[in-house]
Amino acid sequence: MFFILRRLRRDERGQALVIGSVTMLILAVSVMASVSIGHGVYEKIKLQDAADAQAYSFAVKEARAYNFLAYTNRAMIVHYSAMLTVMSYVSHAIYLDRTVGAAASVLKVVPAIGAIFAAVEQAIKLWKTVVETVSQVLIPFLSALNVAFWLAQEAMLYGTLYDLVMYRDDVRKTDPKAKPGFDVVGDRGSINLDSLFSNLDVNHSNLKNFLHAIDDGPHSSQASFSSLDPTGLVKRSRLLRSNSLSDPDMAKYRLLMGNLANGVRREWTAVGKGPDLIGRRWDFNLCLIIGQLRIDKVADSQIKSFDEEFQNNRKDQLFASDDIKIEARAGCFGLFDWETLFELRFRAAADAQRGYHQEYGGNKISRHHNWVGLTPFLTSDTSFVKPWQNHFSYPCNVSVLTKDMMPSSADGVNSDTPFQLHNLTSSGFMEERSSKKYNDDDEGVRGGYLDMSWNFVGGFDDSTPIGASAKAFRERTGGMMAMAVGRAIYHRPGDWKEEPNFFNPLWTARLAPAKTHWEEQAMKDIIPEWNISANGFKDALNY
């Protein structure tokens, strides 16, 4: 008997089974931990990819909108230049009729060569009729087309705002589990344009940030949108109704577009340079010893903005003029003064009162060329505070996505998460050895039990500030959050430096680090959840 007991005591067979069991348990826990970590990393990568894709998509939408504004603004300028060209043709045609045409009407009775002058007279009258008819049709048509371009700009603006809100489907294409913002429960798909600006207490950060670069748009520092005119549409539309220069906003639009249109005209249209005798601008000087003769021909065409008291408040005019003066004096050495032999000044204008023709010394003949004036257009805000510190005129958007990683259970007891050891959570063989510090009976987990189901991400004890902050973070995000920043930038290749504007289509999109273009305080002002997430992460890291 003692022999058997002594043998059993010295027998080492079966130890490998105990060691193997412990090893298998450790290996199983290690594998499950690796799988859990890998699963979390994978889900985080997918969520971050979705946030990056969303932020970049927003930036692309914003860049496309700004480029559309630039293209349409340039088209408007081209139309104004075309109108000025037509008006310069009108002015020049009537000048030819009053000078060359008048001379031809007299010389056509001369034998032999009279037929040539008669043909010249008819050609000039035909040219005058053609340009008059074309101008009366083309100017109203181009004016209406510019109004259509402006309406298209406003539609693009609201369409982009709508896209910035209705983004849920785009996110789900990258990560079906991703949810926009911090609200885990709810569906943003019901948002429409009617309700977009209805709640003044809501800080629509991305929408305001997209609009802040627009001259009449809200700034990012504003608490909320204006429900009456969130994008400045009503303000801009006044340019079509009561565009008085005494209104600084209207003067800004009128003078800017007018100066741009005046600056891109061709030389012949702007200052009238052309061939001698028939061109819009030329001079002739002849000295015959006994006397000197000179002829000066000058011309001009431009968009003019008059004050409220001018010509019964005509406001904007497409203006063109052709002047000619013939002078003579005795001798060629400047001993005698010039004497005017002939002078003709002609003015042609298009305005809201259907324009006029006027010869020097004569009355104005109205109702020739109807023009509604400069059309509203979208332009950038060039007065943004601290431009190089606060991303001057660069719209940036912040995409915050969350994902519900918390375990769910159909029966309220057994969690369906695959990364929890159910046999340990359902039995209490370690309960007497646990510290019970991290007990959470609602989740079916007690101290000492193994839980890899995101129940305690960020912190454990709700009674501590760390745990309370972590719990709030889990409730708002579902356990996982990702953020990305997209930016629409004004980029001209090379070293060409130019302020951002809506007249050159050079806008493109890129992702940006969260704090490369915003100061921390600006980020806190624009993103209401910034402090919540920052404090939550800080407490979690300190833990």
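Our structure is the block above this text.
Residues numbered from 1 in each chain as written. Predicted model: local features only at pLDDT ≥ 70, side-chain atom pairs only at ≥ 80, totals over all residues. Heavy atoms only, no water.

## What about the nonpolar core?
Stage number 1. The biggest cluster of nonpolar side chains holds 28 residues, and the ones touching the most others in it are Tyr80, Met257, Ile303, Leu318 and Trp371.
Stage number 2. Contributions of two or more residues to this core are made by α2 (15–98), α4 (114–165), α9 (248–263), β4 (316–330) and β5 (339–351).
Stage number 3. Here the element with the most residues in this core is α2; it accounts for nine residues.
Stage number 4. Leaving out residues up to four positions away in the same chain, Met257 has contacts with Asn73, Met76, Ile77, Tyr80, Leu374, Phe377 and Phe503.
Stage number 5. Counting 20 residues, the second largest nonpolar core, distinct from the first, contains Phe58, Leu164, Leu211 and Ala488. (Core = buried A, V, L, I, M, F, W, Y, C linked by side-chain atoms within 4.5 Å. Buried < 20%, exposed > 50% of the residue type's maximum accessible area, 1.4 Å probe, protein only. Helix = DSSP H or I, 4+ residues; strand = E, 2+ residues; numbered from the N terminus. Contact = heavy atoms within 4.5 Å.)

## Things to note about the pairing of strand β2 (residues 282–287)
Here is the key point about a regular strand: its side chains alternate between the two faces of the sheet.
Stage number 1. Two elements, β2 and strand β3 (residues 291–305), share six bridges in a ladder whose sense is antiparallel. What sits directly across from Asn285, in β3, is Arg294. (Pairing = 2+ DSSP bridges.)

## Let's talk about the pattern of salt bridges
Stage number 1. Taken as a whole, this structure holds 18 salt bridges when the rule is applied.
Stage number 2. Salt-bridge contacts for Lys128 lead to Asp97; the nearest nitrogen and oxygen are separated by 3.5 Å. Highlighted residues: Lys128 in helix α4 and Asp97 in helix α2, separated in sequence by 31 residues.
Stage number 3. For Glu121, the salt bridge goes to Lys108, with nearest N and O atoms at 3.2 Å. Of this pair, Glu121 sits in helix α4 while Lys108 sits in the loop between α3 (100–107) and α4, and the two are 13 residues apart along the sequence.
Stage number 4. Overall, Lys108 belongs to the partly exposed group, its relative accessible area being 37%.
Stage number 5. Connected through salt bridges with shared partners, the residues Asp97, Arg98, Lys125, Lys128 and Glu359 form a single ionic network. (Salt bridge = Lys/Arg side-chain N within 4 Å of Asp/Glu carboxyl O.)

## Quick look at the sheet that holds strand β8 (residues 396–404)
Stage number 1. The sheet built from four strands is open, its strands ordered β1-β8-β9-β10 with antiparallel pairing. Looking at the sheet topology across the chains shown, the edges are occupied by β1 (178–180) and β10 (507–512). Sheet twist, expressed as the mean angle between neighbouring strand axes with direction ignored, is 30 degrees.
Stage number 2. Here β1 runs beside β8; their pairing, made up of three bridges, is antiparallel. Within the sheet, the bridge partner assigned to Lys179 lies in β8 and is Thr402.
Stage number 3. Contacts between helix α12 (residues 465–477) and the sheet are confined to β8 and β9 (479–490), with β9 contributing the most and set at about 65 degrees to the helix. (Axes fitted to C-alpha atoms, helices over the stretch in contact; angles between N-to-C directions.)

## Topic: the packing of aromatic side chains
Stage number 1. Considering all chains together, one arrives at 10 aromatic pairs under this definition.
Stage number 2. Summarising the aromatic geometry, the rings of Tyr490 and Trp507 are spaced 5.3 Å apart at their centres and angled 65 degrees between planes, so their arrangement reads as edge-to-face. In this pair, Tyr490 is assigned in strand β9 and Trp507 in strand β10, connecting sequence segments 17 residues apart. Just as Tyr490 is buried, Trp507 falls in that class too.
Stage number 3. Through pairs of rings, three or more aromatic residues link up here, namely Tyr66, Phe210, Tyr490, Phe502 and Trp507.
Stage number 4. The cationic tip of Arg294 hangs over the ring face of Trp338; the distance from NZ or CZ to the ring centre is 4.0 Å.
Stage number 5. The cationic tip of Lys304 hangs over the ring face of Phe319; the distance from NZ or CZ to the ring centre is 3.8 Å. (Phe/Tyr/Trp six-rings, centres within 6.5 Å; stacked < 30°, edge-to-face > 60°. Lys NZ or Arg CZ within 6 Å of the ring centre and 35° of its normal.)

Structural measurements only, silent on function.
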